[in-house]
Amino acid sequence: MRSYLRFLIFRGECSAALLHAIPPVRRYQSGTLPRYLDTPTIEKIVDSCGAETPVQIRDRAIILLLARLGLRAGDICHLRLSDIDWNRGYIQVSGKSKRLDRLPLPQDAGDAVLAYLEQARPTVGEDRLFLRTLAPFTPFKSSAEICGIVSRVYNRAGITGLPTGSHLFRHSLATRMLQSGAGLESIGTILRHRSPATTAIYAKVNVPMLEKIAQSWPGEVSC
């Protein structure tokens, strides 16, 4: 628009002062909208996990922790049995900064983890919560293996065209919280963001809120 106004000013068809009515737009690193899944799609993914085989039971617990708490793939890899306080109903996560945070453990996610421990987890002397289902039943080595689980669950649910990373659940949780009326500070607490600027990107997906503050176009007034 500024380029077009400069063209009109050059041709003498527009007042030069009008150019100042449209300020330049800065390009931000977080200029794109975060992708997210709606609630029906999330529940479809959860339901597709099943609960018949050890792999399905384990994957269901992992997907629910990703969807309900917005955990990172690395968080899932490093979770330990000792990180879960069943009596108080919380889970302890260290995250990228190695700072310990306590998050409330939702009922369905807790039930899924308990089902994994009772029905599917190998009986080995290992404190890591999630293990491979084949001997020697070692822990996951990296977050890439969690992304592989997410990709497999997508295929089982018949969902295509989505990124295979676990961050899509994280973005979806933040978006649902925002649309339900939660403040950015609350969202940042759940996602364990150290900077408010990191959480601010989710304000862009709240279209009803943006419509309330967006000014209407001034109209078809000749320049």
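Coordinates for the structure precede this section.
What counts as what
Residues numbered from 1 in each chain as written. Predicted model: local features only at pLDDT ≥ 70, side-chain atom pairs only at ≥ 80, totals over all residues. Heavy atoms only, no water. Helix = DSSP H or I, 4+ residues; strand = E, 2+ residues; numbered from the N terminus. Buried < 20%, exposed > 50% of the residue type's maximum accessible area, 1.4 Å probe, protein only. Contact = heavy atoms within 4.5 Å. Areas by Shrake-Rupley, 256 points an atom, 1.4 Å probe, with all protein chains shown as cover. Expected span 1.5 Å × (residues − 1). Arc of directions from axis to C-beta. Pairing = 2+ DSSP bridges. Core = buried A, V, L, I, M, F, W, Y, C linked by side-chain atoms within 4.5 Å. Axes fitted to C-alpha atoms, helices over the stretch in contact; angles between N-to-C directions. Parallel < 35°, antiparallel > 145°, perpendicular 65-115°, else oblique. Polar contact = N/O pair within 3.5 Å; in protein donor to acceptor, adjacent residues only side chain to side chain. Salt bridge = Lys/Arg side-chain N within 4 Å of Asp/Glu carboxyl O.

**Quick look at the overall build of the protein**
Phase 1: When its secondary structure is counted, the protein shows 10 helices and 3 strands.
Phase 2: For the protein, the sequential pattern of α-helices and β-strands runs α-α-α-α-β-β-β-α-α-α-α-α-α.
Phase 3: The buried share of the protein, reckoned over its 223 residues, is 38%.
Phase 4: Considering only contacts within the protein whose residues lie at least 6 apart along the sequence, 56% involve residues at least 24 apart.
Phase 5: Summed over all atoms, the accessible surface of the protein reaches about 13300 Å², with 55% contributed by carbon and sulfur.

**Examining helix H5 (residues 107-120)**
Phase 1: Counted at 1.5 Å a residue, the expected span for H5 with its 14 residues is 20 Å, and the 19 Å between its end C-alpha atoms agrees.
Phase 2: Turning to H5, its buried residues are Ala109, Gly110, Ala112, Val113, Tyr116 and Ala120. The arc that holds the buried residues of H5, viewed along the axis, is 160°, so those residues lie on one side. Structural note: H5 exposes Gln107, Glu118 and Gln119 on the side pointing more than 90 degrees away from its buried face.
Phase 3: If you follow the buried residues of H5, they end up packed against helix H3 (54-69) and strand E1 (84-85).

**Quick word on the sheet that holds E1**
Phase 1: The strand order across the open sheet formed by 3 strands is E1-E2-E3, and the pairing between neighbours is antiparallel. The sheet is open, and its two edges are formed by E1 and strand E3 (101-104), each paired on a single side.
Phase 2: In terms of strand pairing, strand E2 (residues 90-93) meets E3 through 4 bridges, oriented antiparallel. In the sheet register, Ile91 faces E3, and the bridge partner there is Leu103.

**Some words on the nonpolar core**
Phase 1: Residues Ile63, Leu65, Ile76, Leu79, Phe130, Ile146 and Phe169 are the most contacted members of the largest nonpolar core, which totals 42 residues.
Phase 2: Elements that contribute at least two residues to this core include exactly helix H2 (39-48), H3, helix H4 (73-78), E2, H5, helix H6 (143-157) and helix H7 (167-179).
Phase 3: Not counting residues up to four positions away in its chain, the partners in contact with Leu65 are Gly70, Leu71, Ile76, Leu79, Ile91, Leu105, Ala109, Val113 and Phe130.
Phase 4: Leu173, Ala174, Leu178 and Leu191 belong to the second-largest nonpolar core, a separate cluster that totals 6 residues.

**Quick word on the environment of Leu79**
Phase 1: With respect to the helices and strands, Leu79 occurs in the loop between H4 and E1.
Phase 2: We classify Leu79 as buried; its relative accessible area is 2%.
Phase 3: Sequence spacing of Leu79 and Asp127 is 48 residues, and the spatial spacing of their C-alpha atoms is 8.6 Å.
Phase 4: Contact partners of Leu79, with chain neighbours within four places excluded, come to Leu65, Leu71, Ile91, Gln92, Val93, Asp127, Arg128, Leu129 and Phe130.

**What about the packing of H3 against H6?**
Phase 1: Where H3 contacts H6, the two axes come as close as 10 Å, and the packing angle between them is 105°. One element, H3, and the other, H6, form an angle in the roughly perpendicular class. Residues Val55, Arg58, Asp59, Ile62, Ile63 and Leu66 of H3 pack against Ile146, Ile149, Val150, Arg152, Val153 and Arg156 of H6.

**With respect to H7**
Phase 1: The terminal C-alpha atoms of H7 lie 18 Å apart, and with 13 residues this matches the ideal 18 Å at 1.5 Å per residue to within 8%.
Phase 2: Among the 13 residues in H7, 11 count as buried, and that is most of the element.
Phase 3: In this fold, the buried residues of H7 make contact with H2, H3, H6 and helix H8 (184-191).
Phase 4: Once H7 finishes, Gly181 follows within two positions and takes phi at roughly 105°, a positive value.

**A closer look at the side chain of Arg58**
Phase 1: Looking at the secondary structure, you find Arg58 in helix H3.
Phase 2: Take Arg58: its relative accessible area is 5%, and that puts it in the buried class.
Phase 3: There is a polar contact of 3.1 Å between the side chain of Arg58 and the side chain of Asp59.

**Digging into the pattern of salt bridges**
Phase 1: In total, this model carries 8 salt bridges according to the counting rule given.
Phase 2: One salt bridge connects Arg80 with Asp127, and the closest N-O pair in it is separated by 3.9 Å. In this pair, Arg80 is assigned in the loop between H4 and E1 and Asp127 in the loop between H5 and H6, connecting sequence segments 47 residues apart.

These values are about where atoms sit, not about what they do.
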